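Next come the chains, spelled out residue by residue.
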Amino acid sequence: MTDAALELQKAVFGALAANAALVSALGGRKLHDLAPVRTAYPYVTFGPASTHDWSTDTEEGDEHFFTINVWSNGKGRGEALQLMGLIETALAALPAAITPYVLVNLRRESREIRFDEDLAAYHGLMRFRAVTEPA
């Protein structure tokens, strides 16, 4: 059996890559697990993730927490905030079937934006919670 966290990550990246408005705003499919050195801004990376057993006496399941990072060197927070909105829209369309799992729910827990002095770029952090069960 495959790992639910891996299948969820694949589904998240698939939904982001399929969103034409997001890809256009990024200037291409700049969606990375780990961004290559000197990747041009703006781009998106998958951040920290954790999975916890969510099983009951009668059903198996996993609870996932993951972070999506948005990187922008636009003037002000506008570009990063726009990208974060597009990411939320893309993930709202994520299908419930993530073979061989079912996505029971997915919600954004928080989002924050800060200026990274070392990179001279805005860093948006979006934290999500998802629950999966075997199909």
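The text that follows walks through the structure, step by step, so that each part is easy to find. Only a predicted model underlies this, so the values are computations on that prediction, with no experimental measurement involved.

Details of the overall build of the chain
Along the backbone of the chain there are three helices and six strands. The helix and strand sequence of the chain, counted from the amino end, reads α-α-β-β-β-α-β-β-β. By the compact-globule yardstick of 14 Å for 135 residues, the chain fits well, its C-alpha radius of gyration being 15 Å. When its C-alpha atoms are laid out on the principal axes, the chain stretches across 50 × 25 × 25 Å. With 135 residues in all, the chain has 41% of them scored as buried. As displayed, the chain has an accessible area near 7300 Å², and 52% of this comes from carbon and sulfur atoms. When the 12 basic and 17 acidic side-chain charges of the chain are each reduced to a single mean position, those positions are 12 Å apart.

Here we look at the pairing of strand β3 (residues 62-72)
The buried count for β3 comes to nine of 11 residues, which makes it a mostly enclosed element. The sheet contact formed by strand β2 (residues 43-53) and β3 spans nine bridges and is antiparallel. Within β3, the position partnered with S50 by the bridge is F65. Judged from the 11 bridges that link them, β3 and strand β6 (residues 121-134) form a sheet pairing that is antiparallel. Bridge pairing in β6 links F66 to F128.

Some words on the nonpolar core
In terms of nonpolar packing, the biggest core is built from 29 residues, with L16, I68 and I87 touching the most fellow members. The set of elements that each furnish at least two residues to this core consists of α1 (4-17), α2 (20-26), β2, β3, α3 (78-92) and β6. Ignoring any residue separated from it by four or fewer positions in sequence, one finds I68 in contact with V12, L16, V44, T45, I87, L91, G124, L125, M126 and F128.

Considering α1
Over its 14 residues, α1 extends 20 Å from the first C-alpha to the last, a length consistent with the 20 Å expected when each residue adds 1.5 Å. In terms of residue burial, α1 counts as a mostly covered element, since 10 of its 14 residues are buried. Capping of α1 at its N-terminal end is provided by D3; its side-chain oxygen lies 3.0 Å from the backbone amide nitrogen of A5.

Overview of α3
Between the first and last C-alpha of α3 there are 21 Å, a value that for 15 residues agrees with the 21 Å anticipated at 1.5 Å per step. Taken residue by residue, α3 has A80, L83, M84, L86, I87, A90 and L91 as its buried positions. Projection of α3 onto a plane perpendicular to its axis shows the buried side chains occupying an angular sector of 165 degrees, all on one side. Here the buried face of α3 lies against α1, α2, β2, β3, β5 (101-116) and β6.

Calculation notes
- Residues numbered from 1 in each chain as written.
- Predicted model: local features only at pLDDT ≥ 70, side-chain atom pairs only at ≥ 80, totals over all residues.
- Heavy atoms only, no water.
- Helix = DSSP H or I, 4+ residues; strand = E, 2+ residues; numbered from the N terminus.
- Rg over C-alpha atoms; globule rule 2.2 N^0.38 Å.
- Buried < 20%, exposed > 50% of the residue type's maximum accessible area, 1.4 Å probe, protein only.
- Areas by Shrake-Rupley, 256 points an atom, 1.4 Å probe, with all protein chains shown as cover.
- Lys, Arg positive; Asp, Glu negative; His and termini not counted.
- Charge placed at Lys NZ, Arg CZ, Asp CG, Glu CD.
- Pairing = 2+ DSSP bridges.
- Core = buried A, V, L, I, M, F, W, Y, C linked by side-chain atoms within 4.5 Å.
- Contact = heavy atoms within 4.5 Å.
- Expected span 1.5 Å × (residues − 1).
- Polar contact = N/O pair within 3.5 Å; in protein donor to acceptor, adjacent residues only side chain to side chain.
- Arc of directions from axis to C-beta.

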